[in-house]
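Descriptive analysis of the structure
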Amino acid sequence: MTNFASTALVLLDVTCLSIVLGDTEVLADYKVASTVPMALAFVPKNLATFYYPKLVQAFSDGKKRGFSELKQMGKLSAMINGGIFVGLILFAPLIVWILYGDRYMNVVPIFRILSINYLMDAARNITGNTIAVLRKVKVNLAFSVLSGVLKIGLNVWLITSRGSVGAALATLAVTICIMVLNTAYLWRYYKKSE
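The structure displayed is predicted, hence computed values, not measured ones. Every chain begins its residue count from 1, and numbering advances along the sequence as written. Local features in this predicted model are restricted to residues of pLDDT 70 or higher, and side-chain atom pairs are both shown and tallied only at a pLDDT of 80 or more, whereas totals for entire chains, interfaces and linings draw on every residue. Excluded from the side-chain calculations are hydrogens and water; all other atoms, namely the structure's heavy atoms, are used.

A few words now on empty space enclosed by the protein. The rule is simple: put a 1 Å grid over the protein atoms alone, call a set of points where a 1.4 Å probe fits but cannot get out a cavity, call an open set with protein on both sides within 12 Å along at least five of seven lines a pocket, and count a residue as lining if it has an atom within 4 Å of a point. Grid points are joined across faces, edges and corners, and a volume is the space filled by probe spheres set on the points. A full pass over the atoms with the stated rule returns one cavity of 30 Å³ or more. Approximately 40 Å³ is the volume found for the largest cavity. Working definition: helices are DSSP H or I runs of at least four residues, strands are E runs of at least two. Numbering for both runs from the N terminus. Contributing elements (two or more residues each) for the lining of the largest cavity: helix H3 (42–60), helix H4 (63–90) and helix H6 (108–133). Of the residues assigned to the lining of the largest cavity, the class counts are eight nonpolar, one polar and no charged. Polar here means any residue other than Ala, Val, Leu, Ile, Met, Phe, Trp, Tyr, Cys and Pro, which are nonpolar, and Asp, Glu, Lys and Arg, which are charged; Gly is therefore polar.

Further remarks concern the nonpolar core. The term nonpolar core refers to a set of buried residues drawn from Ala, Val, Leu, Ile, Met, Phe, Trp, Tyr and Cys, joined through side-chain atoms within 4.5 Å. Exposure categories follow from relative accessible area, calculated using a 1.4 Å probe and restricted to protein chains: below 20% of the type maximum is buried, above 50% is exposed, and the middle band is partly exposed. In terms of nonpolar packing, the biggest core is built from 23 residues, with Tyr30, Val96, Val107, Ile110, Phe111 and Ala168 touching the most fellow members. Elements that contribute at least two residues to this core include exactly helix H2 (24–39), H3, helix H5 (92–100), H6 and helix H8 (164–193). For this core, the leading source of residues is H6, giving seven residues. Any two residues whose heavy atoms approach within 4.5 Å are treated as being in contact. Ignoring anything within four residues of it in the chain, the contact list for isoleucine 110 reads Tyr30, Ala33, Ser164, Val165 and Ala168. Within the second largest apolar cluster, 21 residues are counted, among which are Ala48, Tyr51, Leu158 and Val174.

Here we take up the pattern of salt bridges. Salt bridges are identified by distance alone: a Lys or Arg side-chain nitrogen within 4 Å of an Asp or Glu carboxyl oxygen. In the structure shown here, the tally under the stated rule is two salt bridges. In this structure, the salt-bridge partner of aspartate 121 is arginine 124, at a minimum N-O distance of 2.7 Å. Of the two residues, aspartate 121 and arginine 124 are both situated in helix H6; the distance of three residues between them amounts to about one turn of the helix.

Residues separated by three or four positions in an α-helix point in the same direction, a consequence of the helix having 3.6 residues per turn. Each residue after the first adds 1.5 Å to the expected span of a helix. Between its first and last C-alpha atoms helix H7 (residues 137–162) spans 35 Å; for 26 residues at 1.5 Å apiece the expected length is 38 Å, and the two agree. Among all positions in H7, only Val139, Asn140, Phe143, Ser144, Ser147, Gly148, Lys151, Leu154, Asn155, Leu158 and Ile159 are buried.

Next up on the list: a positive patch on the surface. On the surface, Lys63, Lys136, Arg188 and Lys192 cluster together to form a positively charged patch. By the element assignment, lysine 63 lies in helix H4. Among the residues examined, lysine 63 registers a relative accessible area of 35% and is labelled partly exposed. Put simply, a patch holds well-exposed residues, over 30% relative accessible area, that have no salt bridge, with like charges counted together within 9 Å and Val, Leu, Ile, Met, Phe, Trp or Tyr side chains within 5 Å. Under the convention used here, a 1.4 Å probe and the Shrake-Rupley method define accessible areas, while residue burial counts only the protein chains that appear. Here Asp and Glu are counted as negative and Lys and Arg as positive; His is not counted, and neither are the chain ends. Lysine's charge is taken at NZ, arginine's at CZ, aspartate's at CG and glutamate's at CD.

Okay, the packing of H2 against H6 next. Axis angles are defined between N-to-C directions and span 0 to 180 degrees, where every axis is a line fitted to C-alpha atoms and, for a helix, only to the segment in contact. For the pair H2 and H6, the least separation of the axes is 9 Å and the interaxial angle reads 35°. Between H2 and H6 the crossing geometry is right-handed. Touching Tyr30, Ala33, Ser34, Val36 and Pro37 of H2 are Ile110, Phe111, Leu114, Ser115 and Tyr118, all from H6. Of the residues that constitute the contact of H2 with H6, the class distribution is eight nonpolar, two polar and no charged. Definitions for this section: a left-handed crossing has its near helix turned counterclockwise from the far helix by less than a right angle. A right-handed crossing has that turn clockwise.

By themselves, these are just geometric observations and shouldn't be taken as functional.
Have a look at this one:
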């Protein structure tokens, strides 16, 4: 259910843009801007999948060992995903120009917002997987449901006022919110275990 909710959130932007604005050009711009950052999402997901068994083993050895392994995973993720993020931000105009041509240069701001979301989502993946390792799947599910409600509300509000940039900002805001909630939950769990 949690993975389904996360996947469905990605589709909400396009659906909300279509319903709220009904402008095919705006919709096309958003799809173009989101393609590369969303396609690269496999990198943090695969890192999290690779690290999952190590986290399970570490947490089975004790909470202190588990959080030590989580810190190592965070460092590795920050190096890899941080490098990709910097490349996306710095070379956004070039990437858009090479892949889509001059016609879509107006999507660079949306591309950059979704590139920031890429980095935040990488952190959200780590914290969400760690909560799953702790067998707190109801927490992940509750956060997924909350993110769906937030996403719909923010999309309607921000798309109305900011168009496709609003859709990207809604995505980023929800990702940051869930990442912060995940991190706060893990911090509380860590402190409680001391």
